[in-house]
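# Report on the structure
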Amino acid sequence: MSLTDGFIALCIAALLLFSLYNDFILPRRNGPTRLSVALRRRHKIDSLIFIGLLAILLWNNVTHQGPQLTTTLLMVLCFLAFWLFWLRRPTLLMKRDGLFYGGVWIAYERIQSINLSEDGILVMQLEQRRLLIAVQQLDDLERIYHTLVEAR
């Protein structure tokens, strides 16, 4: 196995571990989930560029008759990238004492203010950071509000 194959295999393992953590472990952390809200996908162009670069690497490896292992690993990485960026939905998980946004735990005590922008994005102001939460359906904003009121 070459250094390139090892690096690609490491990237595949990291993506698989992230997806397992995000889909199976995260909903069970910090108690039961009170509300799970589907969010809008972000960075679609970045994901297309990444998948396009992987496709170029794959094409280059096939046309120059590179190692079969590298071709297989690149195909698996392309599939995982497509699955993570286009098929899987990002979610906001609201628990009793806080919420998970982007895989990060945020306690409700850290939220200083909540505003709604004109285009339907919920803005939560933390101590030093703002969270921009773009929900899939506008009805979810009301459900988030009611969950936050119950939690406080």
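Further up the page is the structure itself.
A brief look at the structure comes next. Computed from a predicted model, the values in this text were never measured in an experiment.

The four strands are arranged E1-E2-E3-E4 in an open sheet whose pairing can be described as antiparallel. If you trace the sheet from one side to the other, it starts and ends with strand E1 (35-38) and strand E4 (104-107), each paired once. Between one strand axis and the next, the sheet turns through 20 degrees on average, direction left out of account. Examined bridge by bridge, strand E2 (residues 91-94) and strand E3 (residues 98-101) share three bridges and lie antiparallel to one another. The residue of E3 that forms the bridge with leucine 93 is phenylalanine 100. Across the face of the sheet, helix H4 (residues 139-151) comes into contact with E1 and E2 while running at roughly 150 degrees to E1.

Our focus in this paragraph is a nonpolar patch on the surface. On the surface, Ile45, Leu48, Ile49, Leu53 and Ile56 cluster together into a nonpolar patch covering about 520 Å² of accessible area. One can find leucine 48 in helix H2 (residues 44-63). We classify leucine 48 as partly exposed; its relative accessible area is 48%.

Bringing the layout of surface pockets into the picture now. Here the largest pocket defines a volume of roughly 630 Å³. In terms of lining, the largest pocket is formed by 27 residues, of which the most central are Arg42, His43, Arg88, Pro90 and Gly102. Of all the secondary structure elements, the ones that give two or more residues to the lining of the largest pocket are helix H1 (3-25), H2, helix H3 (68-87), E2, E3 and strand E7 (130-134). Counting residues per element, the lining of the largest pocket draws most heavily on E7, which supplies five residues.

Attention shifts here to the nonpolar core. Core analysis: the largest hydrophobic core is formed by 19 residues, its most contacted members being Leu92, Met94, Leu99, Tyr101, Met124, Ile133 and Ile144. Of all elements in the fold, only E1, E2, E3, strand E6 (121-125), E7 and H4 reach the threshold of two or more residues within this core.

Quick look at the sheet that holds E6 now. In space, the three strands of this open sheet follow the order E5-E6-E7, with antiparallel pairing throughout. The sheet is open, and its two edges are formed by strand E5 (113-116) and E7, each paired on a single side. Across the sheet, the axes of successive neighbouring strands diverge by a mean angle of 20 degrees, strand direction being ignored. Two elements, E5 and E6, share four bridges in a ladder whose sense is antiparallel. Paired with leucine 116 across the two strands is leucine 122, which belongs to E6.

Thresholds applied
Residues numbered from 1 in each chain as written. Predicted model: local features only at pLDDT ≥ 70, side-chain atom pairs only at ≥ 80, totals over all residues. Heavy atoms only, no water. Pairing = 2+ DSSP bridges. Helix = DSSP H or I, 4+ residues; strand = E, 2+ residues; numbered from the N terminus. Axes fitted to C-alpha atoms, helices over the stretch in contact; angles between N-to-C directions. Contact = heavy atoms within 4.5 Å. Patch = residues over 30% accessible without salt bridge, like charges linked within 9 Å, V, L, I, M, F, W, Y side chains within 5 Å. Areas by Shrake-Rupley, 256 points an atom, 1.4 Å probe, with all protein chains shown as cover. Salt bridge = Lys/Arg side-chain N within 4 Å of Asp/Glu carboxyl O. Buried < 20%, exposed > 50% of the residue type's maximum accessible area, 1.4 Å probe, protein only. 1 Å grid on protein atoms, 1.4 Å probe; cavity = no way out; pocket = protein on both sides within 12 Å on 5 of 7 lines; lining within 4 Å. Points joined across faces, edges and corners; volume = space filled by probe spheres on them. Core = buried A, V, L, I, M, F, W, Y, C linked by side-chain atoms within 4.5 Å.

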